[in-house]
Amino acid sequence: MTQSASRQPTTTAPAAASASGDGLDIRLVSGALGAEVRGIDLNEVTDAQFDRIHALMLEHLVLFFPDQQNLTPTAHVALGRRFGDVKVHPNLPRLEDYPEVTLIEPDKGGKADEWHIDVSFSPNPPIAAILHLITCPPSGGDTMWSNQYLAYETLSPTFQEMLEGLTAVHVLKVPPVVEMSAEHPVVRVHPVTGRRSLYVTRMWTSHIPQLSRHESDAVLQHLFEHSEQPRFTCRHRWDPHTVALWDNRATQHVAINDYQEYRRGRRVVVSGDLPTSDTPRKPDYEQIGDERYYPRRINARVGY
């Protein structure tokens, strides 16, 4: 039986998720995912507070921390390192003296205005990302996140069964010199919660090698449209010096490109694990005759 489009509790979250008296004010921001967290200074996170934050991230997938105007780059990186090793983005500019801090600016590749999972074209995509938005336009520039647990769980059982054992190729292609790619399960199992989620994304996913080109295009287009439905999403209106933390393993997100004013932020990403499934990989599709298949059309400025 498929589940309705509402968030489900994470039964494997650390026990600290149920702790009380820690001074945190938690407010849900949508029916699908997201919570606002007040009552904490991210410059000075105790071990107990981190355990609580980690549990809340697993449960709500994206957290928003308002009023973090005092967050320093050093503390930003230190918070990321509590989750794991921090990662240097392969293409975006970095903060001087802090190579782990990526600059998010509209004139430097900062408008990621298609749905995507961060760096899914890497063999080990980030576990999580922490974005400190410093300067915001007076209106517009919201960001949306989508709950990929719910996207998977609301598919029909028959379609879920068909997806098991399929993989997808994720590609970054910036002609003529940059190309990176990785192959991941279409349905991945979260290494902490054990829940299944969809793991394909409109910006980076090229094709499903177990299917013919036309089958792959049709299945991916359906999954893209299905996973981007408003009922799976939350939409965040930024205020200056809000910090967002999200689980990159079970969400995708998009920046709404509806503004012209300056927007500036700093982001730290946490090095990833290997996306895995508990279903054996199905064999690749064998092309018939001279059938043509151009799998790496995704995000290419010039086709080939």
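See above for the structure.
A brief structural summary. (Residues numbered from 1 in each chain as written. Predicted model: local features only at pLDDT ≥ 70, side-chain atom pairs only at ≥ 80, totals over all residues. Heavy atoms only, no water.)

### Structural notes on the environment of valine 169
And then number 1: Among the secondary structure elements, valine 169 is positioned in strand E9 (residues 167–174).
And then number 2: Judged by its relative accessible area of 8%, valine 169 falls in the buried class.
And then number 3: Once residues lying within four places of it in the same chain are set aside, the contact partners of valine 169 are Ser181, Ala182, Glu183, Trp204, Thr205, Ser206, His207 and Pro209. (Helix = DSSP H or I, 4+ residues; strand = E, 2+ residues; numbered from the N terminus. Buried < 20%, exposed > 50% of the residue type's maximum accessible area, 1.4 Å probe, protein only. Contact = heavy atoms within 4.5 Å.)

### Remarks on the nonpolar core
And then number 1: One finds Trp145, Leu163, Val186, Leu198, Ile208 and Leu223 to be the most contacted residues of the largest nonpolar core, which totals 36 residues.
And then number 2: Leaving out residues up to four positions away in the same chain, leucine 163 has contacts with Leu155, Val186, Val187, Leu198, Val219 and Leu223.
And then number 3: Counting residues in hydrophobic clusters, the runner-up holds 22 residues, among them Leu24, Val45, Ala75 and Ala128. (Core = buried A, V, L, I, M, F, W, Y, C linked by side-chain atoms within 4.5 Å.)

### Examining helix H1 (residues 47–60)
An α-helical turn contains 3.6 residues, so a residue and the one three or four places further along point in the same direction.
And then number 1: When the terminal C-alpha atoms of H1 are compared, their 20 Å separation across 14 residues agrees well with the 20 Å that a helix rising 1.5 Å per residue should span.
And then number 2: Where H1 is concerned, the buried positions are Gln49, Phe50, Arg52, Ile53, Ala55, Leu56, Met57, Leu58 and His60.
And then number 3: Elements that come into contact with the buried residues of H1 comprise strand E1 (25–28), strand E2 (35–38), strand E3 (62–65), helix H2 (73–83), strand E7 (128–135) and strand E15 (242–247).
And then number 4: Immediately beyond the C-terminal end of H1, within one or two residues, lies leucine 61, with a positive phi of roughly 75°. (Expected span 1.5 Å × (residues − 1).)

### A closer look at the sheet that holds strand E10 (residues 178–185)
Strands belonging to one sheet form pairs held by backbone hydrogen bonds; the direction of such a pair is parallel or antiparallel.
And then number 1: Across the sheet, three strands lie side by side as E10-E9-E13; this open sheet has antiparallel pairing. Each end of this open sheet is capped by a strand with a single partner; those strands are E10 and strand E13 (205–207). Within this sheet the neighbouring strands show an average axis-to-axis angle of 40°, counted without direction.
And then number 2: Where E9 meets E13, two bridges bridge the pair, whose relative direction is antiparallel. Bridge pairing in E13 links histidine 170 to threonine 205. (Pairing = 2+ DSSP bridges. Axes fitted to C-alpha atoms, helices over the stretch in contact; angles between N-to-C directions.)

### Section: unusual backbone geometry
And then number 1: Despite not being glycine, leucine 61 shows a phi value in the positive range, around 75°.
And then number 2: You can see leucine 61 is positioned in the loop between H1 and E3.
And then number 3: Non-glycine residue histidine 241 carries a positive phi angle of around 70°.
And then number 4: Mapping histidine 241 onto the fold places it in the loop between strand E14 (233–236) and E15.

### Considerations on the packing of aromatic side chains
And then number 1: Applying the stated criterion across every chain, the model contains five aromatic pairs.
And then number 2: When the centroid spacing of 5.4 Å and the interplanar angle of 70° are considered together, the rings of phenylalanine 64 and tryptophan 145 count as edge-to-face. In this pair, phenylalanine 64 sits in strand E3 while tryptophan 145 sits in strand E8 (residues 143–147), placing the two residues 81 residues apart along the sequence.
And then number 3: By relative accessible area, phenylalanine 64 is classed as buried at 2%. (Phe/Tyr/Trp six-rings, centres within 6.5 Å; stacked < 30°, edge-to-face > 60°.)

### Observations regarding helix H5 (residues 213–227)
And then number 1: With 15 residues, H5 extends 21 Å between its outermost C-alpha atoms, agreeing within 8% with the 21 Å of an ideal straight helix rising 1.5 Å per residue.
And then number 2: Buried within H5 we find Ser216, Val219, Leu220, Leu223, Phe224, His226 and Ser227. Angular distribution of buried residues about the axis of H5 spans 165°; they occupy a single face of the element.
And then number 3: Where H5 is buried, its residues meet E8, helix H3 (148–153), helix H4 (157–163), strand E12 (196–198), E13 and strand E16 (251–255). (Arc of directions from axis to C-beta.)

### Examining the side chain of threonine 251
And then number 1: Within the secondary structure, threonine 251 sits in strand E16.
And then number 2: At 2.7 Å, the side chain of threonine 251 forms a polar contact with the backbone oxygen of aspartate 247.
And then number 3: Not counting the four nearest positions on each side in its chain, threonine 251 is found in contact with Leu33, Leu61, Ile117, Trp145, Ser146, Gln148 and Trp246. (Polar contact = N/O pair within 3.5 Å; in protein donor to acceptor, adjacent residues only side chain to side chain.)

### With respect to the pattern of salt bridges
A side chain of one charge can pair with a side chain of the opposite charge when the charged atoms of the two come close.
And then number 1: A full pass over the atoms with the stated rule returns 17 salt bridges.
And then number 2: The salt bridge partner of glutamate 36 is arginine 38, with a shortest N-O separation of 3.0 Å.
And then number 3: Judged by its relative accessible area of 19%, glutamate 36 is buried.
And then number 4: Under the relative-accessibility criterion, arginine 38 is labelled partly exposed at 32%.
And then number 5: One network of salt bridges, with partners in common, ties together Glu36, Arg38 and Asp67. (Salt bridge = Lys/Arg side-chain N within 4 Å of Asp/Glu carboxyl O.)

### Considering the sheet that holds E14
And then number 1: Across the sheet, three strands lie side by side as E14-E8-E16; this open sheet has antiparallel pairing. Pairing within the sheet leaves two strands with one partner each, and these edge strands are E14 and E16. For this sheet, the mean angle separating the axes of adjacent strands, direction not counted, is 20°.
And then number 2: Bridge count for E8 against E14 is four bridges, and the pairing is antiparallel. The residue bridging serine 146 from the neighbouring strand is threonine 233, located in E14.

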